[in-house]
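One-letter residues, chain by chain:
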Amino acid sequence: MRSSIQSNLNEALHQFDDVMSEIPEARKKALEAAAAVVKAELDRQIEIRLPNKDRAGRVRRWQEVTFGSRGGYARIAAKDEPVRTSCDVYSSRDITFWLERGHVVGERKKTALKGGSKRRGRTKDYVSVESESTGKRIVTGKLMYSWTQFHAQREVRKAAENVLKRIAEQLENFS
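Residues numbered from 1 in each chain as written. Predicted model: local features only at pLDDT ≥ 70, side-chain atom pairs only at ≥ 80, totals over all residues. Heavy atoms only, no water.

1. Examining the pairing of strand 1 (residues 63-67)
How we decide: If DSSP finds at least two bridges between two strands, the strands pair. Strands are runs of DSSP state E lasting at least 2 residues, helices are runs of H or I lasting at least 4, and numbering of each runs from the N terminus.
Where strand 1 and strand 2 (residues 74-78) come together, five bridges link them in antiparallel fashion. In the sheet register, Phe67 faces strand 2, and the bridge partner there is Ala74. In this structure, the hairpin formed by strand 1 and strand 2 is closed by a connection of six residues, where Gly71 is found at a positive phi of approximately 75 degrees.

Given below as structure tokens:
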């Protein structure tokens, strides 16, 4: 009698161990699914916030998903690669930050030409406003990441709930 109880208990513990060993893999799959949803939403927000500015997908290509070494988190951030502009070389991470949060507009340089006439630099097609505190012209941020976070929360929650449902089903089958 005692050995049958012992063997039933051992069998139940082995089944429970099997269910528990599947949790990290299920968590990883949920994290990958959630990251894919968030990345798709970020790409959509870039298209919305930068209309006709990212036709070639350059800003979208800079964004990459990275996962924690132990699979505990996923993060989307701009790659750190050099980007050559007409004036200088900047980091894609810096440019993404400026697009997200905004930046101060540099002063236009005036060049003296023959006859005393002055030429201004190339005009930009962005909208700038004057800061009340500093009086400088600033380009407002597009808040692509902020809107992505707002819109993607529901989808991330769904991905987590799907994983929890799978684990709950396995635990129900356990008994």
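After that view of the structure, there is still more to cover.
2. As for the nonpolar core
The cut-off we apply is this: We call a set of buried Ala, Val, Leu, Ile, Met, Phe, Trp, Tyr and Cys residues a nonpolar core when their side-chain atoms join them within 4.5 Å. Burial classes follow relative accessibility: with a 1.4 Å probe on protein chains only, a residue under 20% of its type's maximum area counts as buried, one over 50% as exposed, and anything between as partly exposed. Contact criterion: two residues are considered in contact whenever any of their non-hydrogen atoms come within 4.5 Å of each other.
In this structure, Leu42, Ile46, Leu50, Val59, Trp62, Ile76, Val83, Ile95 and Met144 together form the largest nonpolar core, which totals nine residues. At the level of secondary structure, the elements contributing two or more residues to this core comprise helix 1 (2-49) and helix 2 (58-62). If we ignore the near neighbours within four places in the chain, the residues touching Met144 are Leu42, Gln45, Ile46, Arg49, Leu50, Thr96, Leu99 and Glu100.

3. Some points on unusual backbone geometry
Despite not being glycine, Asn52 shows a phi value in the positive range, around 60 degrees. Taking relative accessible area as the criterion, Asn52 reaches 61% and is therefore assigned exposed. In this structure, Leu143 is a non-glycine residue whose phi angle is positive, near 55 degrees. Along the polypeptide, Leu143 turns up in the loop between strand 9 (137-140) and helix 4 (144-174). Take Leu143: its relative accessible area is 32%, and that puts it in the partly exposed class.

This is a description of form; function is not addressed.
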